[in-house]
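The lines below spell out each chain.
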Amino acid sequence: EAEAAGVRQVWMTQGAVTPDTLAIFAAAAVRTDAVRLGTAIVPTYPPHPLALAQQALAVADLAPGRLRLGIGPSHRPTIEGTYGLPMPAPLAHLREYTAVVRGLLWEGAVDHEGEFFRVRATLPRRPRVPVLLSTLREGAFRLAGEVGDGALSWLCPVPYLLQAAAPALRAGAAAAGRA
C-alpha cells in the first residue's frame, strides 16, 4: 500500500528486542517492486559480520538495487546491559565490521584477521549493497567517510552537521583517497 501511494523509501531501525529488520525487509521485498529498503541501523553487536552479509545478500537478491544497509555499534547500555557483551572500542569494532561486511558485499570475498574478527569467506554473488555507518561524533563521521558508503546521523543539530560532521566526513574520505 505504501509503494502504491508513492512512498519511495522505507527506513527501519533494529532494536535489541524488536523483530529482525532484514527479515521484515525480506517479506516486504517480495510484495514490492520499487521502494528502497534501508536499515537505520542494525547493531554490529552481537551478529557476526559474515552472518549480516549473508542476510543482506538474501534481501538484495529479493530486492536488487533497493537495499541500503546502515550499521553501527549501538550504545553501551544496550550492548553491555541487554546482551551482556563487552564494548571496549566501538569505533575500532565498527571499522573491522565494516571491512568484513563491505568486502563481502562489494568484492564477494574477504580474508580478514583483526582484533575482533577473523573471517575467510566468499559469497556466491556481489550485490554491492551500500553500507552506511551510524554517526554521532566527529570520529564516527571521519570513519564513515573513510570506509563507508555514507553516514546516518542521529540527534545531530543542523549547525553541528554543517560545521563539524560534514567536514569530518570529507576529511575521512580524503584521507582514504575517496570522493
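In case you missed it, the structure is sitting above this.
Because the structure is predicted, anything quoted here is derived from the model rather than measured.

How each quantity is defined
Residues numbered from 1 in each chain as written. Predicted model: local features only at pLDDT ≥ 70, side-chain atom pairs only at ≥ 80, totals over all residues. Heavy atoms only, no water. Phe/Tyr/Trp six-rings, centres within 6.5 Å; stacked < 30°, edge-to-face > 60°. Helix = DSSP H or I, 4+ residues; strand = E, 2+ residues; numbered from the N terminus. Buried < 20%, exposed > 50% of the residue type's maximum accessible area, 1.4 Å probe, protein only. Pairing = 2+ DSSP bridges. Right-handed = clockwise from strand over helix to strand, strands pointing away. Axes fitted to C-alpha atoms, helices over the stretch in contact; angles between N-to-C directions. Contact = heavy atoms within 4.5 Å. Polar contact = N/O pair within 3.5 Å; in protein donor to acceptor, adjacent residues only side chain to side chain. Salt bridge = Lys/Arg side-chain N within 4 Å of Asp/Glu carboxyl O.

### Points about the packing of aromatic side chains
Within this structure, the stated rule accounts for 2 aromatic pairs. Seen from their ring centres, Tyr-97 and Phe-117 are 5.7 Å apart, and the 75° between their planes marks the pair as edge-to-face. Taken as a pair, Tyr-97 in helix H4 (residues 90-107) and Phe-117 in the loop between strand E4 (109-113) and strand E5 (118-122) lie far apart in primary sequence, 20 residues in all. Here Tyr-97 and Phe-117 have matching classes, each one buried. Ring geometry for Phe-141 against Tyr-160: centres 6.3 Å apart, planes inclined by 65°, an arrangement best described as edge-to-face. Of this pair, Phe-141 sits in helix H5 (residues 138-147) while Tyr-160 sits in helix H6 (residues 158-175), and the two are 19 residues apart along the sequence. Owing to a relative accessible area of 24%, Tyr-160 belongs among the partly exposed residues under this scheme.

### Re the pairing of strand E2 (residues 36-43)
Looking down a regular strand, the side chains alternate between one sheet face and the other. A large share of E2 lies buried, amounting to 6 of its 8 residues. The pairing of strand E1 (residues 9-12) with E2 spans 4 bridges and is classified as parallel. Bridge pairing in E2 links Met-12 to Thr-39. One crossover worth recording links E1 to the parallel E2 by way of helix H1 (residues 21-29), and it is right-handed. Of the strand pairs in this sheet, E2 and strand E3 (residues 67-72) are connected by 5 bridges, and their pairing is parallel. Each bridged residue has a counterpart across the sheet, and for Val-42 the counterpart in E3 is Ile-71. Since E2 and E3 lie parallel, the crossover through helix H2 (residues 49-62) that links them has a hand, and here it is right-handed.

### Some remarks on the sheet that holds strand E6 (residues 131-135)
Spatial strand order, E1-E2-E3-E6-E7: 5 strands in an open sheet with parallel pairing. This sheet does not close on itself; its edge strands, each paired only once, are E1 and strand E7 (151-153). Averaged over all pairs of adjacent strands, the angle between strand axes in this sheet comes to 25°, irrespective of strand direction.

### Some words on the environment of Ala-99
For Ala-99, the location among the structural elements is in helix H4. Residue classification places Ala-99 among the partly exposed positions, given a relative accessible area of 39%. Separated by 50 residues in the primary sequence, Ala-99 and Pro-49 have C-alpha atoms spaced 9.1 Å apart.

### Focus: the environment of Asp-20
With respect to the secondary-structure elements, Asp-20 resides in the loop between E1 and H1. Between the alpha carbons of Asp-20 and Arg-95 there is a distance of 23 Å; along the sequence they are 75 residues apart. Sequence-distant contacts of Asp-20, defined by excluding residues within four places in its chain, comprise Gln-14 and Gln-55. In this structure the side chain of Asp-20 is engaged in a polar contact, spanning 3.2 Å, whose partner is the backbone nitrogen of Leu-22.

### Some points on the pattern of salt bridges
On inspection of all chains with the given rule, the structure shows 7 salt bridges. Among the salt bridges present, the one from Asp-111 reaches Arg-120, with a minimum N-O distance of 3.1 Å. By relative accessible area, Asp-111 is classed as exposed at 60%. Given a relative accessible area of 54%, Arg-120 falls into the exposed group. Linked by salt bridges that have partners in common, Arg-102, Asp-149 and Arg-178 make up one network.

Shape descriptors only; they carry no functional weight alone.
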